[in-house]
Amino acid sequence: MTDTIQPKPGILDIAPYVGGKSKIEGVAEPMKLSSNENALGAGQKARDAYQAAVNNIHVYPDGRAGKLRDAVADHHGLEPERLIFGNGSDEVFALLNQTYLQPGDNIVTGQYGFLAYRISALANQASVKLAPEPGFKAEVDAILEQVDDRTRIVYISSPSNPTGSYNTAEETRRLHAALPSNVLLVIDEAYAEFVTAPDWETSFPLAKDAENIVVTRTFSKIHGLGGLRVGFGYAPLKVAEAVDRIRLPFNVSIPGLEAAVAALGDEAHQKASRDLVETWRPRLTQAIKGFGFEVFPSAGNFVLVRFPDAGRCAAANDYLNTRGIIVRPVGGYGLPDCLRITIGTDDQNRAVLDALSEFAAA
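These notes cover the structure that comes with them. (Residues numbered from 1 in each chain as written. Predicted model: local features only at pLDDT ≥ 70, side-chain atom pairs only at ≥ 80, totals over all residues. Heavy atoms only, no water.)

1. Comments concerning the overall build of the protein
Rule in force here: Numbering of helices and strands starts at the N terminus; helices are DSSP runs of H or I of at least 4 residues and strands are runs of E of at least 2. As defined in this context, the radius of gyration uses C-alpha atoms, and a globule is described by 2.2 Å times the residue total to the power 0.38. For every residue, the accessible area obtained with a 1.4 Å probe (protein chains only) is divided by the maximum for its type, and the residue is called buried under 20%, exposed over 50%, and partly exposed between those limits. What makes two residues a contact is simply this: any of their non-hydrogen atoms within 4.5 Å. All accessibility values rest on the Shrake-Rupley procedure with a 1.4 Å probe; residue burial counts only the protein chains present in the view. Lys and Arg are tallied as positive, Asp and Glu as negative. Neither His nor the chain termini are counted. Taken as the charge centre is NZ of Lys, CZ of Arg, CG of Asp or CD of Glu, depending on the residue.
If you tally the helices and strands in the protein, you get twelve helices and 13 strands. Rg of the C-alpha trace for the protein: 21 Å, near the compact-globule value of 21 Å for 362 residues, within the 12% margin. Oriented by its inertia axes, the alpha-carbon framework of the protein measures out at about 60 × 60 × 50 Å. Looking at the 362 residues of the protein, the share that counts as buried comes to 53%. In the protein, once contacts between residues fewer than 6 apart in sequence are set aside, the share between residues at least 24 apart is 73%. Summed over all atoms, the accessible surface of the protein reaches about 16,200 Å², with 52% contributed by carbon and sulfur. If the 35 positive side-chain charges of the protein are averaged to one point and the 44 negative ones to another, these points end up 1 Å apart.

2. With respect to the sheet that holds strand β6 (residues 184–188)
To summarise the sheet geometry, strands pair through backbone hydrogen bonds and adopt either a parallel or an antiparallel arrangement. The criterion, for reference: One bridge is not enough; two strands pair if DSSP finds at least two bridges between them. Lines fitted to the C-alpha atoms define the axes, with helices restricted to the stretch that makes contact. Angles between their N-to-C directions range from 0 to 180 degrees.
The strand order across the open sheet built from seven strands is β2-β8-β7-β6-β5-β3-β4, with neighbouring strands paired in mixed fashion. Pairing within the sheet leaves two strands with one partner each, and these edge strands are β2 (83–86) and β4 (127–131). Ignoring which end each strand starts from, the neighbouring axes of this sheet average 20° apart. For strand β3 (residues 106–110) and strand β5 (residues 151–157), the ladder comprises four bridges, and the chain directions are parallel. Across the sheet, residue Val108 finds its bridge partner in β5, namely Val154. Lying over the sheet, helix α4 (residues 115–123) contacts β3, β4, β5 and β6, oriented at roughly 170° with respect to β3.

3. What to know about the pattern of salt bridges
Defined as follows: Salt bridge, as applied in this entry: a Lys or Arg side-chain nitrogen positioned within 4 Å of an Asp or Glu carboxyl oxygen.
Across all of its chains, the model carries 21 salt bridges by this definition. For Glu258, the salt bridge identified is with Lys67, shortest N-O distance 3.0 Å. Separated by 191 residues along the polypeptide, Glu258 in helix α9 (residues 254–264) and Lys67 in helix α2 (residues 66–76) bring together distant segments of the chain. Judged by relative accessible area, which is 28%, Glu258 ranks as partly exposed. Lys129 serves as the salt-bridge partner of Asp148, at 3.1 Å between the closest nitrogen and oxygen. One end of the pair, Asp148, is in the loop between α5 (140–146) and β5; the other, Lys129, is in strand β4, and 19 residues separate them in sequence. Asp148 sits in the partly exposed class, given a relative accessible area of 33%. Relative accessible area serves as the criterion here: at 22%, Lys129 is assigned to the partly exposed category. Overlapping salt bridges, with partners in common, bring together Arg64, Asp244 and Arg247 in one network.

4. Focus: the sheet that holds strand β12 (residues 328–330)
An order of β9-β10-β13-β12 is seen for the four strands of this open sheet, with the pairing classed as antiparallel. Edge positions in the sheet fall to β9 (294–295) and β12, since each has one partner strand and no second. Where β9 meets strand β10 (residues 302–306), two bridges bridge the pair, whose relative direction is antiparallel. Across the sheet, residue Val295 finds its bridge partner in β10, namely Val305.

5. Looking at the packing of aromatic side chains
Quick reminder of the rule: What counts as a ring pair is set by centres within 6.5 Å for rings of Phe, Tyr and Trp (its six-membered ring), and what kind of pair is set by the plane angle: stacked under 30 degrees, edge-to-face over 60, tilted for all other angles. Here, a charge over a ring means that NZ of Lys or CZ of Arg falls within 6 Å of the ring centre while also lying within 35 degrees of the ring normal.
Taken as a whole and judged by the stated rule, the model has 16 aromatic pairs. In this structure an aromatic cluster arises from ring pairing among Phe85, Phe204, Phe219, Phe232 and Tyr234. Above the plane of the ring of Trp280 lies Arg283, whose end atom (NZ or CZ) is 5.0 Å from the centre. The positively charged end of Arg340 is found above the aromatic ring belonging to Phe302, 6.0 Å away from the centroid.

6. Quick word on the packing of helix α3 (residues 89–100) against α4
Inclusion rule: Each crossing is labelled by how the near helix is turned from the far one, with a counterclockwise turn of less than a right angle marking it left-handed and a clockwise turn marking it right-handed.
At their nearest, the axes of α3 and α4 sit 9 Å apart, and the two run at 35° to each other. Note on packing geometry: the crossing formed by α3 with α4 is right-handed. For the pair α3 and α4, the contacting residues are Asp90, Phe93, Ala94 and Asn97 in the first and Ala116, Tyr117, Ser120 and Ala121 in the second.

7. Quick notes on helix α6 (residues 169–178)
Where we set the bar: Along the arc lie the directions from the helix axis toward the C-beta atoms.
By the burial criterion, the buried members of α6 are Ala169, Glu171, Thr172, Leu175 and His176. One side of α6 carries all its buried residues, which in axial view fall inside an arc of 165°. Packing partners of the buried residues in α6 comprise α5, β5, β6, α7 (204–208) and β7 (213–218).

8. Looking at the nonpolar core
As a reminder of what qualifies: Residue types Ala, Val, Leu, Ile, Met, Phe, Trp, Tyr and Cys, when buried and joined through side-chain atoms within 4.5 Å, form a set referred to as a nonpolar core.
Membership of the largest hydrophobic core comes to 40 residues, with the highest contact counts inside it found for Phe219 and Leu225. Here this core takes five residues from α9, the largest share from any one element. The residues contacting Phe219, other than those within four sequence positions of it, are Leu68, Val72, Gly224, Leu225, Gly226, Val230, Phe232, Ala260 and Leu264. In this structure, Ile288, Val303, Cys313 and Val327 belong to the second largest nonpolar core, which totals 31 residues.

9. Side note on the pairing of β7
Among the six residues of β7, six are classified as buried, and the element is accordingly described as predominantly covered. Side chains Ile213, Val215 and Arg217 project from β7 onto one buried face, and the interleaved Val214, Thr216 and Thr218 project onto a second face that is buried too. Where β7 meets strand β8 (residues 231–234), four bridges bridge the pair, whose relative direction is antiparallel. From the neighbouring strand, Thr216 faces β8, where its bridge partner is Gly233.

Pasting the structure below:
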């Protein structure tokens, strides 16, 4: 009998994360609107910082991300020692799960919550409890009903990917107040900079005096640094110190650190990115509704479009592909009748509308 090396139980049962498609056979330069990337790319200040960082790529980065730590703390009014930096905010989620989850524990998140929360929880032999989202947003009472004595972490996205929904400041406060003190509430604010709703607010102030809240942000969206993988979490000091014990020493690269610092100070690029989304989000919503398809209200840099059924949705996706446009089917989130469309450049958005208009009329 030959023994073979086997992963620990449950690993092979995890469905791997599948990113947005980036190629169409026969199309040299497709319009990629499948990954919620910044249509304007990175700002010039971040590009210049990246280029300059080439001179130092032979040395290890600052493991404490000191320069970026100070910049983020100053920009958001946070205590620098309470920041956790990661290879994207995805790594922050993974570090939190690795630090706090044991076999038999569970996390709670919304039915349509970001898949990354679940993957690393399952990898740590914890289970995932999904709270129903009948209104396509995280519901406080539904989440609380799933919490039990083995719940260690509750994840919410505000705004949420892929639905585009958000939780009001009052809802977030109510959720936190009702959670047991030994349950960590992680609030993912990856799309925070695109929110215009007056009843939303960042949870940084709520986290400031709390012992069980972590708020995460990313440089992949408004700052256009998705390819450099930089994210951070604002956590209670005891949480930050615990995570730091298992964080790999040099998890954010020198080019990533330098570009992120520059991007944080590039207010003109942030404004241009925000203005593009604020201009086109309502235009796309109104126009696509006019074609007869449902569009969910969105607070992010994307819209989620619902078709009459999964077959019609697949046909719409195929039709967009024939026009050189890549969007994101979200069947993996339990939404087989929906396509998520990132807000692109002016020309890309017009191309989407032209294609969907043709599809609707066919």
